[in-house]
Amino acid sequence: MAFFHSLDEEMAADVLEEMEPDAQVDIIENLTIEKAADVLEKMPADEVADLLDELEDEKAEELLREMEHEASREVRELMEYEEREVGSLMSTDYVAFNENNTVDEVIRELRRLKPETNTIYSLFITDNKERLKATVSLRDLIISDPELQMRQIMNRQFPYVFDEDKTKSLAEMVQKYNLLAVPVVNKQMQMLGTVIVDDVIDELMD
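Since the model is a prediction, treat every value here as computed from it, not as a measurement. (Residues numbered from 1 in each chain as written. Predicted model: local features only at pLDDT ≥ 70, side-chain atom pairs only at ≥ 80, totals over all residues. Heavy atoms only, no water.)

(A) Up close: the nonpolar core. Ranked by internal contacts, the top residues of the largest apolar core, which has 42 residues, are Leu-16, Ile-28, Leu-40 and Leu-52. Residues contacting Ile-28, with those up to four places away along its chain left out, are Leu-16, Ala-36, Leu-40, Leu-51, Leu-55, Lys-59 and Leu-63. Counting 15 residues, the second-largest nonpolar core is a separate cluster that includes Val-106, Ile-125, Leu-141 and Ile-153. (Core = buried A, V, L, I, M, F, W, Y, C linked by side-chain atoms within 4.5 Å. Buried < 20%, exposed > 50% of the residue type's maximum accessible area, 1.4 Å probe, protein only. Contact = heavy atoms within 4.5 Å.)

Here it is, written out as structure tokens:
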């Protein structure tokens, strides 16, 4: 525990993410509220939501109140989903681009962001109202002329799920299309996040 206390928030969050749920709970319960909140703010919102679900309601609420407003709001929204709803498995960390972005702009932004490999199997393309319009494969991105816009190379036929769909329907879709990542939208087709299949395969097939 002394070792964990000595870590800065970024490193502590990285270490906490790799731990088993029981160990995560033990660590959080033995940190001060201020330190725990600072660490949780550095973790993906979906992982924080899962961790807080393992705590007593009073403790979880105390941590949420201590966290920065935007981080807390995002976690609260995820915690509102029922266990068997797609939203409960969703990650809100994703990369999306506007349909008017050029190939060159997208490649430059990807180089800047350096996203994890498992988050960019396909690129998600949205309009000015954040509505999901299409996907673009990395292959199509790389081989296209730099000045072309996403709207000129994007694939308008793509699978997606609604955040309130049951996870059973997601499992069926994954098996049918052999998907690695599935975009999640609300009823207005605004993109909310993704489900990375590798991360939740056991739950999907349960």
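There's plenty left to go through after this.
(B) View of the side chain of Gln-24. Examined against the element boundaries, Gln-24 turns out to sit in helix α3 (residues 21-29). Here Gln-24 falls in the buried class, since its relative accessible area comes to 10%. Other than its neighbours up to four places away in sequence, Gln-24 contacts Leu-16, Glu-17, Met-19 and Leu-51. (Helix = DSSP H or I, 4+ residues; strand = E, 2+ residues; numbered from the N terminus.)

(C) Spatial organisation of the pattern of salt bridges. By the definition in use, this model includes 11 salt bridges. Of the charged contacts, one joins Lys-166 and Glu-82 as a salt bridge, the two residues approaching to 3.8 Å between their closest N and O atoms. Note that Lys-166 is positioned in the loop between β4 (161-162) and α11 (167-177) and Glu-82 in the loop between α7 (69-79) and β1 (96-98), a separation of 84 residues in sequence. Judged by its relative accessible area of 44%, Lys-166 is partly exposed. Note that Arg-151 is salt-bridged to Glu-99, the shortest N-O span being 3.8 Å. Remark: Glu-99 occurs in the loop between β1 and α8 (103-113) and Arg-151 occurs in helix α10 (residues 150-153); sequence separation between them is 52 residues. Salt bridges here are not isolated pairs; linked through shared partners, they connect Glu-61, Arg-65 and Arg-76. (Salt bridge = Lys/Arg side-chain N within 4 Å of Asp/Glu carboxyl O.)

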